[in-house]
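# Close look at the chain arrangement
One-letter residues, chain by chain:
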Amino acid sequence: MDVNLFLIAFRVAVAHGIFVIVENAIARAVENLARRQEARGSWAGDYGGPMFLLPMYVGLTHAAGRPVDERRRRRMLEYLASAQREDGSLGLHAEDTQGSMFTTVLGYVALRILGTAPDDPRAARMLRWIHANGSPLGAAPWGKHFLCVLNLYDWRGIHPVPPELWLLPYAAPFHPARLWCHCRQVYLPMAWLYGTRSAVPAGDLIRALRAELYQGRYAAIAWEAQRNVLAATDRYTAPSLALRAVNRALDGLERLVPRSLRRRALDECLRHIQFEDRTTSFIRIGPVNAVLNTLVHCFRRADAEVERSFTALEGYLWDGHDGMKMQSYNSSELWDTAFALQAVLAAGGHDPVVRRAYTFVRDNQILDDVPELEAHYRHRSRGGWPFSNRPHGWPITDCTAEGLKCALALESKIEASDRIPPELLEASVGLLQSWQNQDGGWATYELKRGGAWLERLNPSEVFGDIMVDYSYVECTSAVLQALAQARTRFPHLEGVDRAIARGGDFLRTRQRADGSFEGSWAVCFTYGTWFGVSGLVAAGARRDDPALARAVDFLVGRQKPDGSWGESGQSCRERRYVQHSRGQVVQTAWALSALVRAGAGASEPARRAARFLVGRQEVDGSWARESLVGVFNKTCLINYDNYRHYFPLWALAEWRDSHRHTD
Ligand code: LAN
């Protein structure tokens, strides 16, 4: 080759070097996703994190008299061992910076049920921590409740969970149906178990556990005096004056409840429990009521229902890199598939991968409302998408939005006979509209039904914001993005413009003085700001909008010297940005995508972020597992294991494309 020509080519290559490298990284990341795709078109991944779930499952196997098989038993023990902290405790979640009485006590009980002897070094260290930090008397209320069922705590030692609340008219401002659906579906079987004072028989193991946990003092405990006892380790939402007053009132009322009223209330609870079972194929809305509803059927000796429950519970178990755990949902498949699909599309597509993923999205849309919705306090479902799969049955606002985005993006590329019928897409748009709150935002599963004052009655102590389904930045943003696309596809639909405008206004009220948005379902301001920016743009914000500039300033101000973003899970607890000691790939991807969408793709911070992402990529096109970035209810981190495979890809593709447009 001519030397001059070579030099020119070399210079061009250096100037465009980063683009060549990024292009290559994108191609490899797409191949990685292609390799990881399931035959059914979805992506499956570890959805563990919370440390109270596996112990609850193990406790259930004891109550049901269905011991886990040997292989699983060993894998479950490996999991508990891998999560055990230096000091012997378990945290609320796998990466917690401190131990929790709630999870450590349940974890100890699980170890023993799984056959570990009390003098095993791990068990002994756990028990030492429990005694050094008090006793199970200080476990958070959900822990105490579960111990009651296992006959390791006395029902007199907790405040009542009155089933009678379910007999109130809905107009009552504290009717349980006004609570966030996850909260009410947990307290529903809790109320049944409390109302019947159900407990497993105290056999040898239970008696031994009582002696170990309470150091031989079980028989002497003054149970009524333990109701407000709480270990310092377990306190996030301290009981308010209002909650204490309500608890005192409930303590008094419990003695006055006529038997016939209690019986009627228990029947009403059971009716709702069985409705939840039926409409979710026994999967139930989440892991906690999956266990508790099953316990209800165990105590009723309803064998067929117990059997179906255990079959459905299989979906929650995950044999992962650190052992076998119970996941936080029966899977995150729809959610992961929708994002992976959008990332691959942004990268330029990959035919068989995209088609298979579309098929999964199509086949997991919810086609029907639940029967007699009003009588069961349910919103419509038809046209919605769930977080996991169709058999689960509960549609979610932002999952519906992501599903609809995928459906609209691919409609023209799929043969008519394989497409989602347009009327189902319109139903999906109508459903999104029906979910808009009065404040202009969108909550998670339902309209906001209760007043924010209900939060003062949050009895969980360890979680924040569990009482009400509030409007969230993330949900609102996702819905705005979907509606903005739907408006083009279905220009005749009414009210969409107005819904978008109101949603955009809601987002603006949520931007903080420093330009950030607080996220609720992943860590934290990085995630929230990505959604905030995306939502504002979907609602029509222009590139010169000061709100976007402020969001960009916020992010750029927190970029680390290596071009990354790394935000600690502490941010969610403390509700302020806390730096992580190390840059995180997934958060860097959100920040980079936010910069691009806000119009700052050509900036130096964006280029450095792209470089960082490429630098962290493995040879096989994947990215390694880093810190947990998912969260719920302010305190509990959760693993979205597939985020590392598609968010960096998506951000790099967007960054590349932002240059294509400006070139
Ligand atoms: C989830 C999982 C999905 C998640 C997204 C769709 C990602 C989010 O954008 C909206 C909120 C939602 C639906 C969500 C809410 C809280 C859940 C259900 C979870 C994090 C999975 C497990 C968690 C649930 C509350 C765990 C059980 C504990 C309780 C406090 C009831």
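Note that the structure is a prediction, hence the values are computed from the model and not measured. (Residues numbered from 1 in each chain as written. Predicted model: local features only at pLDDT ≥ 70, side-chain atom pairs only at ≥ 80, totals over all residues. Heavy atoms only, no water.)

### Description of helix H17 (residues 422-434)
Put simply, the test is: Runs of H or I in DSSP of at least four residues are treated as helices and runs of E of at least two as strands, each being numbered from the N terminus. One less than the number of residues in a helix, times 1.5 Å, gives the span that helix is expected to have. Accessible area is worked out with a 1.4 Å probe on protein chains only. A residue is then buried under 20% of its type maximum, exposed over 50%, and partly exposed in between. Between two residues, a contact is recorded if the distance between any of their heavy atoms is within 4.5 Å.
Its 13 residues place the ends of H17 18 Å apart at the C-alpha level, agreeing with the 18 Å of an ideal helix rising 1.5 Å per residue. Those residues of H17 not exposed but buried are Leu424, Leu425, Ala427, Ser428, Val429, Leu431 and Leu432. Its buried side turned inward, H17 meets helix H16 (397-410), helix H18 (473-489) and helix H19 (496-510).

### Structural notes on the pattern of salt bridges
Worth spelling out the cut-off: One side-chain nitrogen of Lys or Arg within 4 Å of one carboxyl oxygen of Asp or Glu is enough to make a salt bridge.
A full pass over the atoms with the stated rule returns 45 salt bridges. With its nearest N and O atoms 3.2 Å apart, the salt bridge here joins arginine 85 to aspartate 87. Each of Glu23, Arg656, Asp657 and Arg660 takes part in a single network of salt bridges with overlapping partners.

### Re the state of the cysteines
Formally, a disulfide is one covalent bond, and it connects the sulfur atom of one cysteine to the sulfur atom of another. What counts here: To count as a disulfide, a pair of cysteine sulfur atoms needs to be within 2.5 Å.
One pass over the full model with this rule turns up 0 disulfides. Between cysteine 298, a cysteine without a disulfide, and cysteine 148, which holds the nearest cysteine sulfur, the sulfur-to-sulfur distance is 17 Å. Exposure remark for cysteine 298: the relative accessible area of 15% places this residue in the buried category. Not part of a disulfide, cysteine 399 finds its nearest cysteine sulfur in cysteine 475, a span of 8.2 Å.

### Focus: the environment of leucine 243
Assignment of secondary structure puts leucine 243 in helix H10 (residues 241-254). Contact partners of leucine 243, with chain neighbours within four places excluded, come to Arg456, Leu457, Asn458 and Pro459.

### Considerations on the nonpolar core
How we decide: We define a nonpolar core as any set of buried Ala, Val, Leu, Ile, Met, Phe, Trp, Tyr and Cys residues linked to one another through side-chain atoms lying within 4.5 Å.
One finds Phe52, Tyr643 and Phe647 to be the most contacted residues of the largest nonpolar core, which totals 222 residues. For tyrosine 643, the contacting residues outside a window of four places in its chain are Trp335, Asp336, Tyr527, Val586, Trp590, Val629 and Pro648.

### Some details on the site of the ligand
What counts, and what does not: Definition of nearness: a residue and a molecule or strand are near each other if at least one heavy atom of the residue lies within 4 Å of the molecule or strand. Pairing of N or O atoms within 3.5 Å defines a polar contact, subject to two protein rules: one partner must be a possible hydrogen donor and the other a possible acceptor, and residues neighboring in sequence count only if both atoms are side-chain atoms. Nonpolar residues are Ala, Val, Leu, Ile, Met, Phe, Trp, Tyr, Cys and Pro. Charged residues are Asp, Glu, Lys and Arg, and all others, Gly as well, are polar.
Around the ligand, a shell composed of 20 residues is seen, among which Tyr47, His182, Ser328, Asp398 and Trp521 lie nearest. Contact distances for the ligand include 2.3 Å between an oxygen atom and a side-chain N or O atom of aspartate 398. Mapped by element, the contributors of at least two residues to the shell around the ligand are helix H8 (181-196) and H16. Class assignment for the residues of the shell around the ligand results in 15 nonpolar, 4 polar and 1 charged.

### So, the packing of H18 against helix H20 (residues 525-538)
Under the convention used in this document: Every angle, taken between N-to-C directions, lies between 0 and 180 degrees, and every axis is a line fitted to C-alpha atoms, over only the stretch in contact when it is a helix. Each angle receives one of four descriptions, namely roughly parallel if under 35 degrees, roughly antiparallel if over 145, roughly perpendicular if within 65 to 115, and oblique otherwise. The crossing is said to be left-handed when, going from far helix to near helix, the turn is anticlockwise and less than a right angle, and right-handed when the turn is clockwise.
The contact between H18 and H20 brings their axes to 8 Å, and the two run at 30°. Of the possible angle classes, the one that applies to H18 and H20 is roughly parallel. Once H18 is placed against H20, the crossing between them reads as left-handed. Residues Val473, Glu474, Ser477, Ala478, Leu480, Gln481, Ala484 and Arg487 of H18 lie in contact with H20, whose contacting residues are Tyr527, Gly528, Phe531, Gly532, Ser534, Gly535 and Ala538. Residue composition of the contact of H18 with H20, by class: 7 nonpolar, 6 polar and 2 charged.

### Some thoughts on helix H12 (residues 287-300)
Over its 14 residues, H12 extends 20 Å from the first C-alpha to the last, a length consistent with the 20 Å expected when each residue adds 1.5 Å. In terms of residue burial, H12 counts as a mostly covered element, since 12 of its 14 residues are buried. Among the residues of H12, those classed as buried are Pro287, Val288, Asn289, Ala290, Val291, Leu292, Asn293, Thr294, Leu295, Val296, His297 and Cys298.

### A word on the pairing of strand S1 (residues 317-320)
Worth spelling out the cut-off: Being paired, for any two strands, means DSSP has found at least two bridges between them.
In this structure, S1 lies alongside strand S2 (residues 323-326), joined through 4 bridges in antiparallel fashion. Residue leucine 317 lies in a different strand from S2, and its bridge partner there is methionine 326. Once S1 ends, the chain turns through 2 residues before running back antiparallel as S2.

### A word on the packing of H20 against helix H21 (residues 546-558)
With their axes 10 Å apart at the nearest point, H20 and H21 run at an angle of 160° to one another. Classified by the interaxial angle, the pair formed by H20 and H21 is roughly antiparallel. Here H20 and H21 pass one another in a crossing that is left-handed. In this structure, H20 contributes Phe525, Thr529, Val533, Leu536 and Val537 to the contact, and H21 contributes Ala547, Leu548, Ala551, Phe554 and Leu555. Residue composition of the contact of H20 with H21, by class: 9 nonpolar, 1 polar and no charged.

### So, the packing of aromatic side chains
Applied cut-off: Here is the rule: rings of Phe, Tyr and Trp (six-membered ring for Trp) pair when centre to centre is within 6.5 Å. Planes less than 30 degrees apart are stacked, more than 60 are edge-to-face, and the remainder are tilted. Two thresholds decide whether a charge sits over a ring: the Lys NZ or Arg CZ must be within 6 Å of the ring centre and within 35 degrees of the ring normal.
Per the counting criterion, the structure on display carries 41 aromatic pairs. Where phenylalanine 339 meets phenylalanine 647, the ring centres are 5.1 Å apart and the plane angle is 50°; that geometry is what we call tilted. Highlighted residues: phenylalanine 339 in helix H14 (residues 333-347) and phenylalanine 647 in helix H25 (residues 643-662), separated in sequence by 308 residues. In this structure phenylalanine 647 comes out as buried when scored by relative accessible area, which is 2%. Against the face of phenylalanine 310 rests arginine 66, its NZ or CZ located 4.5 Å from the ring centre. Stacked on the ring of tyrosine 194, the Lys or Arg arginine 197 has its end atom at 4.1 Å from the ring centre.

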